Amino acid sequence: MPPKRKSSGPRAVPTRTPSNPQSTLSFHGKQNKVTKPGVAPATKQTKKDPALLEDIARSEIKTEETPDPEQPTTAETAITQQTDAEAKPLALPTQHPGANPDEILGGRAQESDLGATGGKAATGWLADEEALARSVTESQIKLYWRQKESPRLAPRVHQEGMTVYEKVLREWGMSGQFGPCIGIARLKRWKRANGLGLKPPVEVLAVLLREMEGGNGKGQRAYVDELMSSRFVET
Amino acid sequence: MNGDNHADLLQPPSNVEHAVSERTASHYTPLPTYRLPKGEHRHYQQQYADMYFARLAQLKPAVEQIASEAWADFEIGGETASRKDRVLDVREGELCWIAGTLYMEMPLKPNVLEDIGKEHWIAAPPPRVKYDTGGGLGGDSERGAHAGGGKGLAGAQIMLEDESGRLRLTGGYLSGGLLVTGAIVAVMGTENSDGDFEVLDLRVPDLPRQPSRWETEDGEAALQGKSVTTKRPISGKVAIISGLGVSGVEGDTLLLDLLLEYLLGESADPASQEQAASISRLIIAGNSLSHSSPIPSREELAAAAKKGGRKTYGYDSASYNAAPTDHLDQWLATLLPSIPITLLPGEQDPTSTSLPQQPIHAAMFPHSRAYMNPPTGPEGPGWFDSTTNPAEFSADGWRFLGTGGQPVDDVYKYLPDCEERLEMMEAMLRWRLTAPTAPTAPDTLWCYPFQDGDQFVMKECPHVFLVGNQPKFETAVVEGPLGQQVRVLAVPRFKETGELVLLDCETLVPEVVRFEVFDEG
């Protein structure tokens, strides 16, 4: 307990009135409680199995503060981190405005390429896919898309206002043979499918690289991923 | 040798200089296969579907190759088996074969949806020994599984799934083999009128390519441009121990001290000391501490609630007891000046609870830390290597794959009539899913959600597959189709059996040294 102060006395400063004493430090009291509030013990000593006591279950359910819709979710930040990690070896201009924390903090330690998720080569390319993809022309992409559309009897509904790039990328997400599209950036998914030998189409990679060059860093998250994890904002 | 060994001990002091035997050097290269990235680079927002997809994509080519070789000229009633691309493409009455992931639906298997539904209503059932109806509860002995007899799989549904869908499997063939969720298999048969697939034959991917001895070291030397040495010194033995179970209680120190004296060559006669001098490395395979997992078990939570007062969720600093870690640290620090040690964490050790368990942090070992590599120093094997569980390393040229026992224990729960742990280990090798996703992860074995698919399947066959924390010592040699030979070792818990396994690195033949304390009471 801090020593008791006397606001009145010979050494009291005349400007301080008794009704407005000097501010004190306090290490006790409700505002300064450091430990978590404990659960009040059961008043009745029952002989029930402790596992049945509802206290255990209930005390663990805490109401969380409503999350701020402006802040990105963990899923979004993870996809952004993946995009950045993929963008680094591609030597593209970074898409994030604002300060780069690496520069402020003076660089970071070398990320090891080895280990459980570092995998094979640091960049993830097997051969010269990147060069091949950059040499794909617009007409090739359009031809690829036309070939995808021609077996269909009717045109796709609700896709009238979309560019060819966006349509190609949505089709890429919906192709189940390359794995789930949720929770993974599109480029990383392409690299993974390539690494597993599933032969993903190089036109999709061309579209992805062009999108990234165009500065559209947000296009790395599959559309269905955004739909599935959209937050319900109460109005 | 000059004279009787015992006569050497019982002598008056003399000026004769005794030769001090030197320990054989150990060549050790740890592989960082199971290290996860640290901090913010480790993501948990991805789903486990990525894991199953990547596992299937990696193992499907291998199993299809084996299946096509086996069933290329198979004929029943003039009909040959054709290959179907997707599991749902089978047609009734047509003989065909498909490859996919096994899924076992067992009534007593922990099901997360049921858990959520039940959690507020009834108490969870006690942990089961086996997940089938014949298995019995955890209180029963293991005889419970046999009491179910051949009906052990009653109530369980076995399905084959791939990206297109699931297909139920039936047939008498299934009760013979070892089947667990997550194994990639190819089955041949036909669809019957119920819509189930009747299985006539089953194939697994089998063992992958095995590197030759010293291949890791030679490969690294070649990459770095150094000349490849062809002459290697004779290797000694590797001591493997598991389940030390240090709990800070005085009672368990005697066995550990005996072990310490044996390994340091301080005990017994010169012949045993020579044998101890040939031990070049000690591998501790899990459960060095008996009670230090950060997540309290259900019984601990109940006991804490019963005592009344504050219920502390998770870590309670007031009740932390530093004695076990201190004791283990002192023991290791006494041993380390003489012998290099590789430490794998286990289920009860203070590290992550999901596989792959990351190395026990150097902060737990204030004295033994001096023998580890500093974090900012060069990457490379330290004298004291605290490594992951499961761990892959190359010791004396042989490729070792070690786990702390959790994968095998989990597979054990799935097999109703099988008590043979060696059979399970052999099956795990043949499925190419030893660790960390020992086929049952992530279904019933906690696992990190891998997204890239790099570390699921076993790409190269190890020479030694050691599993710690098993009830008794067992060993066998598993042979593969391309001439691979794997020495499988089940290492018993030291606290209960007092057994230490010595593996000779020239012949890969294990032997057991047992420490016993006679109780006079």
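Coordinates for the structure precede this section.
Rules behind the numbers
- Counting from 1, residues in each chain are numbered in the order their sequence is written.
- Each chain gets a letter, beginning with A, and each ligand a number, beginning with 1, in the order they are written.
- Only residues with pLDDT of 70 or above have their local features reported here, since the model is predicted, and side-chain atom pairs are shown and tallied only from 80 upward, although totals for entire chains, interfaces and linings are computed over all residues.
- Excluding hydrogens and water, the side-chain figures rest on all heavy atoms present in the structure.
- For helices the rule is a DSSP run of H or I covering at least 4 residues; for strands it is a run of E covering at least 2, with both sets numbered from the N terminus onward.
- Whether a residue is buried, partly exposed or exposed follows from its accessible area with a 1.4 Å probe, protein chains only, as a fraction of its type maximum: under 20%, in between, or over 50%, in that order.
- Residue contacts follow a heavy-atom distance rule, with two residues in contact if any of their heavy atoms lie within 4.5 Å.
- With axes taken as lines fitted to C-alpha atoms, and helix axes fitted only over the stretch in contact, angles between N-to-C directions fall between 0 and 180 degrees.
- What sets the label is the angle itself: under 35 degrees gives roughly parallel, over 145 gives roughly antiparallel, 65 to 115 gives roughly perpendicular, and the rest give oblique.
- Put simply, a crossing is left-handed when the front helix is turned counterclockwise from the back one by less than a right angle, and right-handed when it is turned clockwise.
- Classification convention: Asp, Glu, Lys, Arg as charged; Ala, Val, Leu, Ile, Met, Phe, Trp, Tyr, Cys, Pro as nonpolar; all other residues, Gly among them, as polar.
- Between the rings of Phe, Tyr and Trp (Trp by its six-membered ring), a pair exists once the centres lie within 6.5 Å; its type follows the angle of the planes, with under 30 degrees stacked, over 60 edge-to-face, and the other angles tilted.
- Cation placement over rings: the criterion is NZ of Lys or CZ of Arg within 6 Å of the ring centroid and within 35° of the ring normal.
- By this definition, two strands are paired if DSSP reports at least two bridges between them.

Enquirer: So what about the overall build of chain B? Which residues, and what values?
Expert: Scanning chain B for helices and strands turns up 12 helices and 20 strands. By the burial criterion, 49% of the 521 residues in chain B qualify as buried. Considering only contacts within chain B whose residues lie at least 6 apart along the sequence, 73% involve residues at least 24 apart.

Enquirer: Quick rundown of the environment of Ser247 of chain B? Include the residues and the values.
Expert: Residue and element names in this part refer to chain B. Looking at where Ser247 falls in the secondary structure, it is placed in the loop between β10 (237-241) and α6 (253-264). Separated by 223 residues in sequence, Ser247 and Thr24 have C-alpha atoms that sit 32 Å apart. Once residues within four sequence positions are removed from consideration, Ser247 is found in contact with Asp252, Ser290, Pro324 and Lys495.

Enquirer: Requested: an account of unusual backbone geometry, with residues and values cited.
Expert: Residue and element names in this part refer to chain B. A cis geometry characterises the amide bond from Leu355 onward to Pro356, with omega recorded as -10°. With a phi angle near 55°, Asn287 is a residue other than glycine that sits in the positive phi range. The topology assignment puts Asn287 in the loop between β11 (279-285) and α8 (298-306). For Asn287, a relative accessible area of 10% corresponds to the buried category. For Leu508, which is not glycine, the phi torsion reads 60° and is therefore positive.

Enquirer: So what's going on with the packing of α6 of chain B against helix α9 (residues 323-335) of chain B? Which residues, and what values?
Expert: Residues and elements named next belong to chain B. Running from N to C, α6 and α9 point in directions that differ by 15°, and their axes come no closer than 10 Å. As judged from the angle between their axes, α6 and α9 are roughly parallel. Of the two elements, α6 crosses α9, and the hand of that crossing is right-handed. Residues Thr253, Leu256, Asp257, Leu259, Leu260, Leu263 and Leu264 of α6 touch α9, and the partners they reach there are His327, Trp331, Thr334 and Leu335. When the residues that make up the contact of α6 with α9 are grouped by side-chain class, the tally is 7 nonpolar, 3 polar and 1 charged.

Enquirer: Describe the packing of aromatic side chains, naming the residues involved and giving the relevant values.
Expert: All names here are of chain B. Across all of its chains, the model carries 9 aromatic pairs over all chains by this definition. Ring geometry for Tyr28 against Phe393: centres 5.4 Å apart, planes inclined by 50°, an arrangement best described as tilted. Of this pair, Tyr28 sits in strand β1 (residues 28-31) while Phe393 sits in strand β14 (residues 391-395), and the two are 365 residues apart along the sequence. Look at Tyr448 and Phe450: their rings are 5.4 Å apart centre to centre, the planes differ by 80°, and that puts the pair in the edge-to-face class. Neither residue differs from the other here; Tyr448 and Phe450 are each classed as buried. Feature note: the residues Tyr28, Phe393 and Phe400 constitute an aromatic cluster, connected by ring pairs. A cation sits over an aromatic face here: Arg421 above Tyr412, 4.3 Å from the ring centre.

Enquirer: Describe the sheet that holds strand β12 (residues 341-344) of chain B, listing the residues and the values that go with them.
Expert: Residues and elements named next belong to chain B. With mixed pairing, the 6 strands of this open sheet are ordered in space as β13-β12-β11-β10-β19-β20. Across the chains shown, the open sheet's two edge strands, defined by having one partner strand only, are β13 (384-386) and β20 (510-514). Averaged over all pairs of adjacent strands, the angle between their axes in this sheet comes to 20°, without regard to strand direction. Taken together, the 4 bridges between β11 and β12 define a ladder with parallel strand orientation. Looking across to β12, one finds that Leu282 is bridged to Ile341. Taken strand by strand, α9 contacts β11, β12 and β13, and its axis lies near 165° from that of β11.

Enquirer: I'd like to hear about the pairing of β10 of chain B, residue by residue, with values.
Expert: On any regular strand, side chains alternate: one points to one face of the sheet, the next to the other face. Residues and elements named next belong to chain B. The element β10 is largely enclosed, with a buried count of 5 among its 5 residues. Every second residue of β10 is oriented toward a common face, with Lys237, Ala239 and Ile241 on one face and Val238 and Ile240 on the other, all of them buried. In the sheet, β10 pairs with strand β19 (residues 499-504) via 4 bridges, with the strands oriented antiparallel. Its bridge partner being in β19, Lys237 is matched across the sheet by Asp504. The sheet contact formed by β10 and β11 spans 5 bridges and is parallel. Directly across from Lys237, in β11, lies its bridge partner Ile279.

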